Amino acid sequence: MATLEELKRVVAQCRRCPLAENRTRVVFGEGNPQAKIMFIGEGPGYHEDQQGRPFVGRAGQLLDKMLAAIQLSRKDVYIANVVKCRPPNNRDPLPAEVEVCINYLRWQYKLIRPKILVCLGAVAARHIIAPDFSITRGRGQWVQKAGVWILPTYHPAALLRDPAKKKESWEDLQSLRARYNELAHE
Ligand code: URA
């Protein structure tokens, strides 16, 4: 696949796991194909499945505010998920579902080549950083892997459930902005 558009057409036809059976739409991901920052969530929820776009429900509205708080918008970044189809009742994606789907995320990453990956929540962090990753212990700590800077932080849905986490989330966002400023000059 040479372009994101080509890859998107392939993913739109995917029936490689049972999540394809109940989806309304595939949520491929969207944003700036030249983004320096790529955000990775877990998987589509109800609204994303309906609209075919990532992070458009309540968690997405909060993500927009988080971006705005560090003077970024969706036009500056790319947003994708570990799995592209909605798991029933928003359960965590199963290992077998992730195994077949995560290659699409790898392709997206290769085509975009961001300098920074932000893992939103434990599911993304476990699949991208380490299988035993703990978001409460490891959030905010940068990991450098194969030439990319990775920041694990709380998923916006976790902030909606527990607003006390917003303070740490704000620290992570400031750290993201600082790293972004540094890399912009490279
Ligand atoms: N939560 C996610 O992890 N991804 C979305 O796209 C929406 C909500």
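Residues numbered from 1 in each chain as written. Predicted model: local features only at pLDDT ≥ 70, side-chain atom pairs only at ≥ 80, totals over all residues. Heavy atoms only, no water.

Comments concerning the site of the ligand
And then number 1: All residues adjacent to the ligand are Gly 41, Glu 42, Gly 43, Glu 48, Pro 54, Phe 55, Asn 81 and His 155.
And then number 2: Within the contact set of the ligand, an oxygen atom lies 3.0 Å away from a backbone nitrogen or oxygen of Phe 55.
And then number 3: The contact in question runs from an oxygen atom of the ligand to an N or O atom on the side chain of His 155, over 2.8 Å.
And then number 4: In a pocket analysis with a 2 Å cut-off to the grid points, the ligand is assigned to the largest pocket.
And then number 5: Taken together, the residues of the shell around the ligand break down into two nonpolar, four polar and two charged. (Near = heavy atom within 4 Å. Polar contact = N/O pair within 3.5 Å; in protein donor to acceptor, adjacent residues only side chain to side chain. 1 Å grid on protein atoms, 1.4 Å probe; cavity = no way out; pocket = protein on both sides within 12 Å on 5 of 7 lines; lining within 4 Å. Sits in = over half its atoms within 2 Å of the grid points. Nonpolar A, V, L, I, M, F, W, Y, C, P; charged D, E, K, R; others polar.)

Comments concerning the pairing of strand β3 (residues 78-81)
And then number 1: The alternating pattern of β3 places Tyr 78 and Ala 80 and Ile 79 and Asn 81 on opposite faces, both of which are buried.
And then number 2: Here strand β1 (residues 30-31) runs beside β3; their pairing, made up of two bridges, is antiparallel. Of the residues in β3, the one forming a bridge with Gly 31 is Tyr 78.
And then number 3: Sheet analysis places strand β2 (residues 37-41) next to β3, joined by four bridges and oriented parallel. Paired with Phe 39 across the strands is Ile 79, a residue of β3. (Buried < 20%, exposed > 50% of the residue type's maximum accessible area, 1.4 Å probe, protein only. Helix = DSSP H or I, 4+ residues; strand = E, 2+ residues; numbered from the N terminus. Pairing = 2+ DSSP bridges.)

A word on the environment of Trp 170
And then number 1: Tracing the sequence through the fold places Trp 170 in helix α9 (residues 166-184).
And then number 2: Take Trp 170: its relative accessible area is 38%, and that puts it in the partly exposed class.
And then number 3: As a C-alpha pair, Trp 170 and Thr 153 span 17 residues in sequence and 9.8 Å in three-dimensional space.
And then number 4: Apart from the residues lying within four places of it in its own chain, the contact partners of Trp 170 are Ala 69 and Ile 70. (Contact = heavy atoms within 4.5 Å.)

Focus: the layout of surface pockets
And then number 1: Approximately 650 Å³ is the volume found for the largest pocket.
And then number 2: Contributing to the lining of the largest pocket are 29 residues, with Ala 59, Asn 90, His 155, Ala 157 and Arg 161 lying nearest its centre.
And then number 3: Of all the secondary structure elements, the ones that give two or more residues to the lining of the largest pocket are α3 (46-51), α4 (58-69), α6 (122-128), α7 (135-138) and α8 (156-161).
And then number 4: At four residues, the largest contribution of residues to the lining of the largest pocket is made by α8.
And then number 5: Considered class by class, the residues forming the lining of the largest pocket number 13 nonpolar, 10 polar and six charged.
And then number 6: The volume enclosed by the second largest pocket comes to roughly 330 Å³.
And then number 7: If you trace the second largest pocket, you find 14 residues lining it, with Arg 106, Tyr 109, Leu 117, Ile 128 and Ile 150 closest to the centre.
And then number 8: Among the secondary structure elements, those contributing two or more residues to the lining of the second largest pocket are β2, α5 (95-112), α6 and β6 (148-153).
And then number 9: With five residues, α5 is the largest single contributor of residues to the lining of the second largest pocket. (Points joined across faces, edges and corners; volume = space filled by probe spheres on them.)

Section: the pattern of salt bridges
And then number 1: Applying the stated criterion to the full structure yields 10 salt bridges.
And then number 2: For Arg 139, the salt bridge is made with Glu 168, and the minimal N-O distance between the two is 3.4 Å. Of this pair, Arg 139 sits in the loop between α7 and β5 (143-145) while Glu 168 sits in helix α9, and the two are 29 residues apart along the sequence.
And then number 3: For Glu 168, a relative accessible area of 28% corresponds to the partly exposed category. (Salt bridge = Lys/Arg side-chain N within 4 Å of Asp/Glu carboxyl O.)

Brief notes about the packing of aromatic side chains
And then number 1: Under the defined criterion, the tally for this structure stands at one aromatic pair.
And then number 2: Between Trp 142 and Trp 149, the aromatic rings sit 6.1 Å apart at their centres with planes inclined by 85°, giving edge-to-face as the arrangement.
And then number 3: On the accessibility criterion, Trp 142 (19% relative accessible area) is buried.
And then number 4: Lys 165 extends its terminal NZ or CZ atom over the ring of Tyr 154, reaching a point 5.4 Å from the ring centre. (Phe/Tyr/Trp six-rings, centres within 6.5 Å; stacked < 30°, edge-to-face > 60°. Lys NZ or Arg CZ within 6 Å of the ring centre and 35° of its normal.)

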